[in-house]
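Okay, here's what each chain looks like letter by letter:
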Amino acid sequence: LQSYPTHGIIGCDKLTGVTLSTISERVNEVCGLKLDMYAKKPNGNNVYTANNRPYSIGRCVSIVFAQYPVSTGNGYAYISSGASGYAGMLSTLAADVSSTNQNISIDSSSLMLNLSNYQLTRLNTQGIVCFRKIGDVVKVVDGITQDEMDSPYRRLSTIKIMNATDKLLRDAIQPFIGKTRSDETMNAMETAIKSVLNKVTGVLITKYSYTISTSVDDNYLGIVRIKYT
């Protein structure tokens, strides 16, 4: 939970018969879902943060509502829920690019769920990712996650930037793990941290702050805590 996260993509169940009424019913079902996006202990109780709040994992999950045929080229074809296509798309985007309004490589004539503006708005409000045909291309309507409505992590763009910055920091700090906690080591580590954060300032982020703190117990165990904003 406190390391570099994987972003999970979930597809909704496919419709066997696609009509205006079945699409409308499915939209109602999806919008009525009550999803508990919090980390759980083995006994089902919530995991709590240091601030004694349930640990939200909704920011690490996107749910896709789509349907289209896919051919593998060897004679096999299936109906995709859009999850794998969206995951593949996200893997190609730069850290500073959201999926919102971006083209996704789907044949526009094969998109089976053509949703109305009202349906798209309802689904997006529930944090559901949808695709829309515009001319001869298919675009992602809104890059969104399953985090809480008022959370900045509701936006996929925020998650991508935070994850990219987090990974750069971890890569910069990695060489210092296992070294003696001397002034020389700490100064070199702080230089590495500043170098990474300065590199992405004005590109991925606008500003930053951080503190390097240790307690008596941490010193004894050789632990250094870096808190950054």
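The coordinates are above.
Below, the structure is looked at part by part. For clarity, every value in this text was computed on a predicted model and none was experimentally measured.

Our next topic: helix 2 (residues 83-92). Residues of helix 2 that are buried include every one of Ala83, Tyr86, Met89 and Leu90, and no others. Taken down its axis, helix 2 places every buried residue within 130° of arc, on the same side. Across helix 2 from its buried face, at more than 90 degrees, point the exposed residues Ser91 and Thr92. The elements touched by buried residues of helix 2 are strand 1 (8-11), strand 2 (61-65), strand 5 (103-104), strand 6 (128-134), strand 7 (137-140) and helix 4 (156-173).

Over its 12 residues, helix 1 (residues 20-31) extends 16 Å from the first C-alpha to the last, a length consistent with the 16 Å expected when each residue adds 1.5 Å. Taken as a whole, helix 1 has its buried residues at Ile23, Arg26, Val27, Val30 and Cys31. Down the axis, helix 1 shows its buried residues gathered within 130° of arc, on one side only. Contacts from the buried residues of helix 1 go to strand 2, helix 3 (117-125) and strand 6.

Before going further, it helps to examine the pattern of salt bridges. Across all of its chains, the model carries five salt bridges by this definition. Between Arg26 and Glu29 there is a salt bridge, with the nearest N and O atoms lying 3.1 Å from each other. Of this pair, Arg26 and Glu29 both sit in helix 1, three residues apart, roughly one helical turn. Exposure remark for Arg26: the relative accessible area of 16% places this residue in the buried category. Classification of Glu29 as partly exposed rests on a relative accessible area of 48%. Asp171 is paired through a salt bridge with Lys167; the nearest N and O atoms lie 3.4 Å apart. Of the two residues, Asp171 and Lys167 both sit in helix 4, four residues apart, roughly one turn of that helix. A residue is classified by how much of its surface remains accessible, and Asp171, at 45% relative accessible area, is partly exposed. On the basis of relative accessible area, Lys167 is assigned to the partly exposed category, the value being 39%.

It is worth spelling out unusual backbone geometry at this point. The backbone of Asn52 shows a phi angle near 60°, a positive value even though the residue is not glycine. As for its placement among the helices and strands, Asn52 is situated in the loop between helix 1 and strand 2. Residue Asn52 is classed as exposed on the basis of its relative accessible area, which comes to 60%. Its identity is not glycine, yet Asn101 carries a phi of approximately 65°, on the positive side. Tracing the backbone shows Asn101 in the loop between helix 2 and strand 5.

A cluster of nonpolar residues, Tyr220, Leu221 and Ile223, forms a patch on the protein surface that exposes about 370 Å² of accessible area. Mapped onto the elements of the fold, Ile223 is located in the loop between helix 6 (216-221) and strand 9 (225-228). On the basis of relative accessible area, Ile223 is assigned to the partly exposed category, the value being 30%.

Take Tyr210: it is sitting in strand 8 (residues 210-213). Linking Tyr210 and Ile193, residues 17 residues apart in sequence, is a C-alpha distance of 9.2 Å. If near-sequence neighbours (up to four positions away) are discounted, Tyr210 is found in contact with Glu190, Ile193, Lys194, Leu197, Lys227 and Tyr228. In terms of polar contacts, Tyr210 uses its side chain to reach the side chain of Glu190, at 3.1 Å.

A few words now on the packing of aromatic side chains. This model, assessed by the stated rule, comprises three aromatic pairs. Ring centres 6.4 Å apart and planes at 20° place the aromatic pair Tyr208 and Tyr210 in the stacked group. Looking at Tyr208, the relative accessible area reads 26%, which means it is partly exposed. Against the face of Tyr153 rests Arg59, its NZ or CZ located 4.5 Å from the ring centre.

Conventions used here
Residues numbered from 1 in each chain as written. Predicted model: local features only at pLDDT ≥ 70, side-chain atom pairs only at ≥ 80, totals over all residues. Heavy atoms only, no water. Buried < 20%, exposed > 50% of the residue type's maximum accessible area, 1.4 Å probe, protein only. Helix = DSSP H or I, 4+ residues; strand = E, 2+ residues; numbered from the N terminus. Arc of directions from axis to C-beta. Contact = heavy atoms within 4.5 Å. Expected span 1.5 Å × (residues − 1). Salt bridge = Lys/Arg side-chain N within 4 Å of Asp/Glu carboxyl O. Patch = residues over 30% accessible without salt bridge, like charges linked within 9 Å, V, L, I, M, F, W, Y side chains within 5 Å. Areas by Shrake-Rupley, 256 points an atom, 1.4 Å probe, with all protein chains shown as cover. Polar contact = N/O pair within 3.5 Å; in protein donor to acceptor, adjacent residues only side chain to side chain. Phe/Tyr/Trp six-rings, centres within 6.5 Å; stacked < 30°, edge-to-face > 60°. Lys NZ or Arg CZ within 6 Å of the ring centre and 35° of its normal.

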